Amino acid sequence: MRRFGDWMQTATGKAFWPLDPRPEEVDIVDIASALSKICRYGGHCERFYSVAEHSVHVAYAVAPQLRLKALLHDAPEAYLGDVIRPLKRFLINYDKYEQRVADAIATHFGLDNLSDLSIKEADGNIILDEHDQAMRRGPAWTNPEWGVGREPLGVDLEFWKPDVAKERFTEAFLDFGGVMS
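Residues numbered from 1 in each chain as written. Predicted model: local features only at pLDDT ≥ 70, side-chain atom pairs only at ≥ 80, totals over all residues. Heavy atoms only, no water.

Side note on the overall build of the protein chain
- Secondary structure summary: the protein chain contains 9 helices and 2 strands in total.
- Element order for the protein chain, N to C, with α for helix and β for strand: β-β-α-α-α-α-α-α-α-α-α.
- Its C-alpha atoms give the protein chain principal-axis dimensions of roughly 55 × 35 × 30 Å.
- In the protein chain, buried positions account for 49% of the 181 residues.
- Long-range pairs, those at least 24 residues apart, make up 62% of the contacts in the protein chain with a sequence separation of at least 6.
- For the protein chain, the accessible area works out to roughly 9,800 Å², and carbon and sulfur atoms hold 52% of it.
- Here the protein chain contributes 21 positive and 29 negative side-chain charges, whose respective centroids are spaced 4 Å apart. (Helix = DSSP H or I, 4+ residues; strand = E, 2+ residues; numbered from the N terminus. Buried < 20%, exposed > 50% of the residue type's maximum accessible area, 1.4 Å probe, protein only. Contact = heavy atoms within 4.5 Å. Areas by Shrake-Rupley, 256 points an atom, 1.4 Å probe, with all protein chains shown as cover. Lys, Arg positive; Asp, Glu negative; His and termini not counted. Charge placed at Lys NZ, Arg CZ, Asp CG, Glu CD.)

Shown next, in the form of structure tokens:
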């Protein structure tokens, strides 16, 4: 079968086509491994803070029935990288490909999608905790619009090392009803 784009090799040694993803090619080990090594904010933190740790914090901030979705809300980044928000909206068709990967991940894990209003709210609110604990003071702190309508989640970031982040992400996945594939 002809595929669109090119493939990448994942942490488990599989081929994955990020522009033409298939649910059967998704693997939670690949997701946990990659997210544990990707630093939030394009690496512009004072300490390493992984997307995996971020995802675990967001998951615990939502209702129990949404936790698996919340844990996986940034899972497409395992296959596409963490593109910073100021750039993402200017990348032509990026949102289309990100959605394709999200749909493949959701289907693989038996979810209808990876989105929910309360997940988006928690994901937006944790930014206040993250900026306060992981980032140097800067323009966000003096911008009067920064944080308007948001409340911090009140989480304490632990700055897990990649091996710990992978383990805790995987444990949360299993705790929230995920099944290893």
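Looking at a negative patch on the surface
- On the surface, D163, E167, E171 and D175 cluster together into a patch of negative charge.
- Relative to the assigned elements, E167 resides in helix α9 (residues 162-175).
- Overall, E167 belongs to the partly exposed group, its relative accessible area being 48%. (Patch = residues over 30% accessible without salt bridge, like charges linked within 9 Å, V, L, I, M, F, W, Y side chains within 5 Å. Salt bridge = Lys/Arg side-chain N within 4 Å of Asp/Glu carboxyl O.)

Observations regarding helix α7 (residues 117-134)
- With 18 residues, α7 extends 25 Å from end C-alpha to end C-alpha; this agrees with the ideal 26 Å at 1.5 Å per step.
- Taken as a whole, α7 has its buried residues at I119, A122, D123, G124, N125, I126, I127, L128, D129, E130, H131 and A134. (Expected span 1.5 Å × (residues − 1).)

Quick notes on the pattern of salt bridges
- All chains considered together, the criterion is met by 11 salt bridges.
- Between K14 and D27 there is a salt bridge; the shortest N-O distance is 2.4 Å. Taken together, the residues K14 in the loop between β1 (8-9) and β2 (15-16) and D27 in the loop between β2 and α1 (28-37) connect sequence positions 13 residues apart.
- The exposure class assigned to K14 is partly exposed, which follows from its relative accessible area of 32%.
- Residue D27 is classed as buried on the basis of its relative accessible area, which comes to 5%.

Digging into α1
- The element α1 is largely enclosed, with a buried count of 8 among its 10 residues.
- Considering only its buried residues, α1 is in contact with α2 (51-60), α4 (77-80), α6 (94-108) and α9.
- Here α1 starts with a cap whose side-chain oxygen sits 2.7 Å from the backbone nitrogen of V29, and that cap is D27. (Polar contact = N/O pair within 3.5 Å; in protein donor to acceptor, adjacent residues only side chain to side chain.)

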